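Coordinate inspection notes
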Amino acid sequence: MVLRPPVEPMLAQARDTMPAPGRLPGELRFQPKFDGYRAIVFTPWPAPGPLLVQSRRGSLMQSRFPELVAAATHLPDGLVLDGELVVWADGHISFEALQRRAVSGGRAAARLAQEMPAHFIAFDLLQIDGKELLHVLYGERRAQLEQLFTDRELSAPWTLCPETTDPSTAQQWLASWTQVPGVEGLVIRGSGQRYLPGARALYKVRRRDTTEALVGAITGTVRRPQTLVLGRLDGTGALRPVGRSTALRPDAARDLAERLTPAEPGHPWEGVRFTTSWGSRTPLDVVLVEPELVAEIMVDTAQERGSWRHPVRFARLRLDVAVADVPPFGAGAEPASG
C-alpha cells in the first residue's frame, strides 16, 4: 500500500514526569519537542509529481512554504516523513512567524520564505521508495531515517530531529534546551512501537516553570469559581491578560471563593472580549474581580506576545506577595523546584 494524504499522525499523551523504563514497548527514545506545526511530507510515487505537505488536520499547505517545495529535489521519490514544521525569525524559532507564514500565499509566501524561512524537523519515517513502514518497529524506522539523511547529505530546510536513549541526557535537554524559544519539552517513543495513526501512543513532557500573576477575572461565579483569567501589569501600569487556568481543584475553588471580590466600576478589563482558548474566536463569559489576589501558577514555555498559549495550572494563592512584586507583562518564569 502506498501512503497518500491524508494520513493521521501518531499522537502523544501528556505526562508530568518522565516515564519509567518498560512503559512503552522496547527501549525508550527521547526527542526534543519543538513548538511548531505537526506536518507530514509526501514526495510523489510514482514520479513526477509535486511535494505535498499535510497538516495535522489533513489539509495541504505546501503552497504556503515554497522553500520546501524547491528543496524537494533533494528527497527520493515515494518518501513520507513525519515531523514538525517550524519557522526561524529574529534568531529563534517563532510560532507567531509560523502562523503568519501559514496564512500567506502567492507573492507574500515567496517573500516571507526569504525573510523567515521554514524548516522541517523529521522525527519519523513512514514510507521509503514507495514502501510503507507503519508496521515496522520504530527502532528500525529511525535507523532508516538516519541512513536517509546520511546517504542524501540532507541539510536545511530538512533537519533530523535529535534523539537520545540516555535518561540523564534527556533530563538535561528538558532543563536546558527549553530555555531556548521554540523548544517546549520532550517526546518519548518506544523502539518497539509500530506507527499507529491517530492513536495517543507516545508520551510528551513539557517543561513547567513557577511564576505569579494577578487574578483579574474568573469563569463560573465568585462563590463557585471554575477557572481563572490572569493578568500582569505592563510598563504603563495597565493590566494585560496573560493566560487562563485549567479547572480549579475543589479545595482551591473554595479557598478562592472566600477571598475574591467582585469588580467595582472601572475595572481595566471592562469591555474586553475574552475567548475560550489562545487563537480561538469562541467567546468566553467571565466575571470580573478586583485584581488584588496574586496566584502562583505553573506554566510551560509556549508564550507569545506576553501571553501563554496553553492553559496554566493554578498552584496556590500567594498572600505574602504584593501586587507590585508580580513579574511585569512580558516577563518569563523561573524553573519549578522539585
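Anything mentioned here points back to the structure above.
Okay, so let's go over this structure. (Residues numbered from 1 in each chain as written. Predicted model: local features only at pLDDT ≥ 70, side-chain atom pairs only at ≥ 80, totals over all residues. Heavy atoms only, no water.)

**Topic: unusual backbone geometry**
This is how the line gets drawn: The secondary structure listing takes helices from DSSP runs of H or I that are at least 4 residues long and strands from runs of E that are at least 2 residues long, numbered from the N terminus.
Residue W45 is joined to P46 through a cis peptide bond whose omega torsion reads -5°. Residue position: P46 is located in the loop between β3 (37-42) and β4 (52-55). For the peptide bond that leads from A156 to P157, omega is 15°, which places it in the cis range. In the Ramachandran plot, D90 falls in the positive-phi region, its phi being about 55° despite a non-glycine side chain. Assignment of secondary structure puts D90 in the loop between β5 (80-89) and β6 (92-93).

**Quick look at the side chain of E84**
This is how the line gets drawn: Buried, partly exposed and exposed residues are distinguished by accessible area as a fraction of the type maximum, computed with a 1.4 Å probe on protein chains only: under 20%, between the cut-offs, and over 50%, respectively. Asp and Glu count as negative and Lys and Arg as positive, but His and the ends of the chain are not part of the count. What counts as a salt bridge is simple: a side-chain nitrogen of Lys or Arg found within 4 Å of a carboxyl oxygen of Asp or Glu. Polar contacts here mean pairs of N or O atoms no more than 3.5 Å apart (in protein, one a potential hydrogen donor and the other a potential acceptor; neighbouring residues in sequence count only if both atoms are side-chain atoms).
You can see E84 is positioned in strand β5. R38 provides the closest opposite charge to the buried, unpaired E84, separated from it by 5.1 Å. A distance of 3.1 Å separates a polar side-chain atom of E84 from the backbone nitrogen of G36.

**Focus on the nonpolar core**
The condition that has to hold: To qualify as a nonpolar core, a set must consist of buried Ala, Val, Leu, Ile, Met, Phe, Trp, Tyr and Cys residues joined through side-chain atoms within 4.5 Å. Here, two residues are considered to be in contact whenever any of their heavy atoms come within 4.5 Å of each other.
The biggest cluster of nonpolar side chains holds 32 residues, and the ones touching the most others in it are L81 and W158. At 5 residues, the largest contribution of residues to this core is made by strand β7 (residues 118-128). When near neighbours in sequence (up to four residues on either side) are disregarded, W158 contacts V41, L51, L68, A71, A72, L75, F120 and F149. Core analysis: the next-biggest nonpolar cluster, separate from the first, contains 21 residues, A213, L230, L248 and L256 among them.

**Quick look at the sheet that holds strand β1 (residues 11-15)**
Keep this limit in mind: Any two strands are treated as partners once DSSP identifies two or more bridges connecting them. Geometry is summarised by axes, namely lines fitted to C-alpha atoms with helices restricted to the contacting stretch, and by angles between N-to-C directions that run from 0 to 180 degrees.
With mixed pairing, the 4 strands of this open sheet are ordered in space as β1-β11-β10-β2. In the strand order of this sheet, the two ends are held by β1 and β2 (28-34), each with one partner. Averaged over neighbouring strand pairs, the angle between their axes works out to 35° when direction is ignored. Two elements, strand β10 (residues 183-190) and strand β11 (residues 200-206), share 4 bridges in a ladder whose sense is antiparallel.

**Points about the side chain of S94**
Relative to the helices and strands, S94 resides in the loop between β6 and α2 (95-102). A relative accessible area of 11% places S94 in the buried class. Setting aside its immediate chain neighbours within four residues, S94 contacts V87, A89 and E304.

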